[in-house]
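# Observations on chain architecture
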Amino acid sequence: SILPETEEGIIAFLSSGVLPYIRNKMAVRLYSRFGKNIFSVLENNPKEFLKVKGINENKLKAIRDAYTVNYGYQDLVMLLAPSGISLNKIKKIVDKFGAVATEKVKNNPYVLFTINGFGFKTVDEIARKCNTPTNDPLRIQGALKFVLEEAQLNGNLCIKQEILRQKAYEILNEGFEVQAVSFNEVTDGIIDMAKSGLLKG
């Protein structure tokens, strides 16, 4: 969908019912404040909308959700929706990375590991579609976290380093005809996580 660029077109678009809670008077009020930058403000600095009379937190969330799905981040939605990523999770990505969210995820989907709620297998599926290097350090750390989470779910408070390394190695190479990640690279991932405090010996 192509967003309008003229004053008349923007006001008509805003008051068309595509975005909830915005009718003609509100559309005029919003345009008067933000002008042709209104869509940029909505994408990058949506809190500014709260300064407009009649817009509260709940209304802003509904407006931004509708805009995000339909207009703001179509490329991101198209990339992630086939892998079952929900609107709420896409909102988390946009909230964290802002205007560069789509570019950041396309360049390295493993950045999704930095956001709560994104599991290894889902992110790995997205990354393979984007042809991201299989030995990316973030992928290795994601697999290590996955093994640790699985161990915790099974009631374990700790796990031997050899078992952690072996299980992560197997996950990282699953489905590949040739070795995608070496034992040394997994070891490096363990060391990096230990240095950053994500792992404790």
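Below: a short report on this structure. (Residues numbered from 1 in each chain as written. Predicted model: local features only at pLDDT ≥ 70, side-chain atom pairs only at ≥ 80, totals over all residues. Heavy atoms only, no water.)

What follows deals with the layout of surface pockets. Considering only enclosed or pocket space, the largest pocket measures out at about 390 Å³ in volume. In terms of lining residues, the largest pocket is bounded by 16 residues, among which Leu148, Cys158, Ile159, Leu199 and Lys200 are the most central. The greatest single-element share of the lining of the largest pocket, amounting to four residues, is contributed by helix H9 (residues 137-153). For the lining of the largest pocket, the residue count by class is nine nonpolar, four polar and three charged. (1 Å grid on protein atoms, 1.4 Å probe; cavity = no way out; pocket = protein on both sides within 12 Å on 5 of 7 lines; lining within 4 Å. Points joined across faces, edges and corners; volume = space filled by probe spheres on them. Helix = DSSP H or I, 4+ residues; strand = E, 2+ residues; numbered from the N terminus. Nonpolar A, V, L, I, M, F, W, Y, C, P; charged D, E, K, R; others polar.)

Grouped together as the largest cluster of nonpolar side chains are 38 residues, with contacts concentrated most on Leu76, Leu80, Ile93, Leu112, Leu144 and Val186. Among the elements of the structure, helix H5 (74-80), helix H6 (87-97), helix H7 (101-107), helix H8 (120-129), H9, helix H10 (161-173) and helix H11 (183-195) are those that each provide at least two residues to this core. Ignoring any residue separated from it by four or fewer positions in sequence, one finds Leu80 in contact with Ile85, Ile90, Ile93, Val105, Leu112 and Ile126. Counting 23 residues, the second-largest nonpolar core is a separate cluster that includes Ile22, Leu30, Phe34 and Ile38. (Core = buried A, V, L, I, M, F, W, Y, C linked by side-chain atoms within 4.5 Å. Buried < 20%, exposed > 50% of the residue type's maximum accessible area, 1.4 Å probe, protein only. Contact = heavy atoms within 4.5 Å.)

Here we take up the packing of H9 against H11. Put simply, H9 and H11 touch, their axes get as near as 9 Å, and they point 75° apart. Judged on the interaxial angle alone, H11 and H9 are roughly perpendicular. Contacts between H9 and H11 involve Ile140, Gln141, Leu144 and Lys145 from the first element and Glu185, Val186, Gly189, Ile190, Asp192 and Met193 from the second. Its residues assigned to classes, the contact of H9 with H11 shows five nonpolar, two polar and three charged. (Axes fitted to C-alpha atoms, helices over the stretch in contact; angles between N-to-C directions. Parallel < 35°, antiparallel > 145°, perpendicular 65-115°, else oblique.)

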